[in-house]
Amino acid sequence: MSAPPKPVLGYVGLGLMGGPMVARLASRGWSIRAFDVVPARLAAAVAAGARPAVSPADAARGAGLVLLNLPTTDAVEHAVFGEDGVATGIAPPARVVDYSTVEVERGRDFAARLRERTGCGWVDAPVSGGPPASAAGTLTVMAGGEPDDVAAAAALWPEVAARVTHMGPPGAGLAAKMINQLIVGCTHAVLAEAVVMAEAAGIDAARLPECLAGGHADGSLLQRLYPRMVARDFEPQGYARQLLKDLELVSEFAGALKSPAPMAGQALSLYRMLIRLGHAELDTSALLKLYEPPKG
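All figures in this text were calculated on a predicted structure; none of them were measured in a lab. (Residues numbered from 1 in each chain as written. Predicted model: local features only at pLDDT ≥ 70, side-chain atom pairs only at ≥ 80, totals over all residues. Heavy atoms only, no water.)

Okay, helix α13 (residues 262–276) next. With 15 residues, α13 should cover 21 Å at 1.5 Å per step; its first-to-last C-alpha distance of 21 Å lies within 8% of that length. Every buried residue belonging to α13 is among A264, A267, L268, L270, Y271 and L274, and all of these are buried. Looking down the long axis of α13, one finds its buried residues gathered within 165° of arc, a one-sided arrangement. Those residues of α13 that are exposed and aimed more than 90 degrees away from the buried face are P262 and R276. (Helix = DSSP H or I, 4+ residues; strand = E, 2+ residues; numbered from the N terminus. Expected span 1.5 Å × (residues − 1). Buried < 20%, exposed > 50% of the residue type's maximum accessible area, 1.4 Å probe, protein only. Arc of directions from axis to C-beta.)

Put into structure tokens, the structure is as follows:
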């Protein structure tokens, strides 16, 4: 059986996650029309093989799939429903695939609004794995949407992800991402404490991932994030401000469900302190700074 044809892609949002994904897709023969409000990001995407668009609507015209990778819920709403937004350029049978992490209820509303206004489907498809996985096509995707809409992206999923799980109707992928970020945010705090404790104990803190590999404490964050904390490598692979935003969403989601989340509240407080100290643009691993003794 031959592979499904590759639809033309529109792409809006070319930051830490979107930029590497566009470069990968272009290198694999996808036709992409891309847009970003930051000219340097758009220029990098064009250099990687995408064609430039002058607006989200322009990126959407003629596309079979319109991919979004944006930092906030408001940014998604503006890019889709604002002036020159995707909704003014998209036409059936195209679908929107939104990789952004946004508020669950507003994400559901976006899907309903787009279908009512344009007749086009929407898949919420938040991801986990960070920029390296985006560049390698090994992301984990949590998908929410109608089955036909998720299936319409069948040719795309193997190009961007090692795992795609259809969790249910619109909003289900976003709900799964809230739980993912609950686990991620709390683990960041635990790993920062582990670095400090290992160093205080006088053991080689850098060897802990090797030492604990295969045990119950093992995991991708221990193997990938923890060494960056030990090395004090805070070059952003994911901005601290973005994890703070996600933890705020987790807190709001848990509150709406009346679901207890005391550990998420603690991680949220720590990231609020980190950003208040001026570290919003550092990597999420910079949480370790809260545990460091003052200099001077």
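On we go from here.
Right, let's talk about the pattern of salt bridges for a bit. According to the stated counting rule, one finds 21 salt bridges in the structure shown. With a closest N to O distance of 4.0 Å, K6 and E159 form a salt bridge. Linking K6 in the segment before β1 (9–12) with E159 in helix α8 (residues 157–160), this pair joins segments that are 153 residues apart in sequence. Where R115 meets D149, a salt bridge forms, and the shortest distance between an N and an O atom there is 2.5 Å. Note that R115 is positioned in helix α5 (residues 104–118) and D149 in helix α7 (residues 147–152), a separation of 34 residues in sequence. Note on R115: relative accessible area 40%, which makes it partly exposed. Residues joined in a network through salt bridges with shared partners are D74, E77, E103, R106, D109 and R113. (Salt bridge = Lys/Arg side-chain N within 4 Å of Asp/Glu carboxyl O.)

Moving on to the packing of aromatic side chains. Enumeration over the complete set of coordinates arrives at two aromatic pairs. Each ring, one from F110 and one from W122, has its centre 5.9 Å from the other, and the planes form 45°; the classification is tilted. Highlighted residues: F110 in helix α5 and W122 in strand β6 (residues 121–124), separated in sequence by twelve residues. For the residue pair F110 and W122, the accessibility class agrees, reading buried in each case. Among the aromatic residues, those joined into a cluster by ring pairs are F81, F110 and W122. (Phe/Tyr/Trp six-rings, centres within 6.5 Å; stacked < 30°, edge-to-face > 60°.)

Look at the link from P92 to P93: it is a cis peptide, with omega at 10°. With a phi close to 55°, R232 is a non-glycine residue in the positive phi region. Relative to the assigned elements, R232 resides in the loop between α11 (220–230) and α12 (240–257). Accessibility expressed as a relative area gives 30% for R232, which makes it partly exposed. Despite not being glycine, K258 has its phi angle at roughly 55°, a positive value. Tracing the backbone shows K258 in the loop between α12 and α13.

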